[in-house]
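# Examining the three-dimensional arrangement
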Amino acid sequence: MTKPIILIVNGPNLNLLGTRQPELYGHETLACVEASARTHAASLGLEVEFHQSNHEGDLVDWIQSARQRCVGIIINAGAYTHTSVAILDALLAVQVPTVEVHMSHIHQREEFRHHSFVSKAAKGMICGFGSHGYILALDALARLIRGS
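Let us now look at the environment of Asp89. Structurally, the position occupied by Asp89 is in helix H4 (residues 85-94). Among the residues examined, Asp89 registers a relative accessible area of 43% and is labelled partly exposed. Between the C-alpha atoms of Asp89 and Ile63, which are 26 residues apart in sequence, the distance is 10.0 Å.

Written as structure tokens, this is what we have:
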């Protein structure tokens, strides 16, 4: 029996985790975040499909591919959070429960980061908890999927 799949999509500059502004994003690499997410998902009886791209169209393609295959989406769209109607439209089109994640607390940062297009399609947002936000998002999706 196959496990339900959670799509985790990461946007621009997240490939630089661990070296880019560690005072904001911590010292963990994206590979460490992925490993932790996979381990935690397995403990919840879920499988993770994990992606990162600096290109908006890649994120849209992955989101669209989730329509018939995935039971949930976790998205950290990075800077595209604040600019991408295309990502919003893709999330609305697939109708898959989505949790938005940001490692930093976007509402305590520059004013332009306070607006999120992704939030209009997400069940909820987790921000400010660093990489642990991905674990919290997996827990939230597991509850949503199971209806508890």
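Our focus in this paragraph is helix H2 (residues 30-43). Relative to the 20 Å expected for 14 residues at 1.5 Å per residue, H2 spans 20 Å between its end C-alpha atoms, a close match to the ideal helical length. Where H2 is concerned, the buried positions are Leu30, Val33, Ala37 and Ala41. Summarising the axial view, the buried residues of H2 lie within an arc of 60 degrees, below the 170-degree limit, and thus occupy one face. In this structure, H2 carries Ala31, Thr39 and Ser43 as exposed residues pointing more than 90 degrees from its buried face. Contacts from the buried residues of H2 go to strand S1 (5-10), strand S2 (47-52) and helix H5 (132-146). Just downstream of H2 lies Gly45, where phi reads positive at about 75 degrees.

Quick look at the pairing of S1 now. Counting buried positions along S1 yields 6 of 6 residues, so the element is predominantly enclosed. When S1 meets strand S3 (residues 70-76), the two strands line up parallel, connected through 6 bridges. Residue Val9 lies in a different strand from S3, and its bridge partner there is Ile75.

Our focus in this paragraph is the pattern of salt bridges. Going through the model one piece at a time under the given rule, you end up with 2 salt bridges. The residue Glu34 makes a salt bridge to Arg38 at a minimum N-O spacing of 2.8 Å. With Glu34 and Arg38 both in helix H2 and 4 residues apart, this pair spans about one turn of that helix. For Arg38, a relative accessible area of 37% corresponds to the partly exposed category. Arg69 is paired through a salt bridge with Glu49; the nearest N and O atoms lie 2.8 Å apart. Taken together, the residues span a long stretch of sequence, with Arg69 in the loop between helix H3 (56-65) and S3 and Glu49 in strand S2 at a distance of 20 residues. Overall, Arg69 belongs to the partly exposed group, its relative accessible area being 35%.

What counts and how
- Residues numbered from 1 in each chain as written.
- Predicted model: local features only at pLDDT ≥ 70, side-chain atom pairs only at ≥ 80, totals over all residues.
- Heavy atoms only, no water.
- Helix = DSSP H or I, 4+ residues; strand = E, 2+ residues; numbered from the N terminus.
- Buried < 20%, exposed > 50% of the residue type's maximum accessible area, 1.4 Å probe, protein only.
- Expected span 1.5 Å × (residues − 1).
- Arc of directions from axis to C-beta.
- Contact = heavy atoms within 4.5 Å.
- Pairing = 2+ DSSP bridges.
- Salt bridge = Lys/Arg side-chain N within 4 Å of Asp/Glu carboxyl O.

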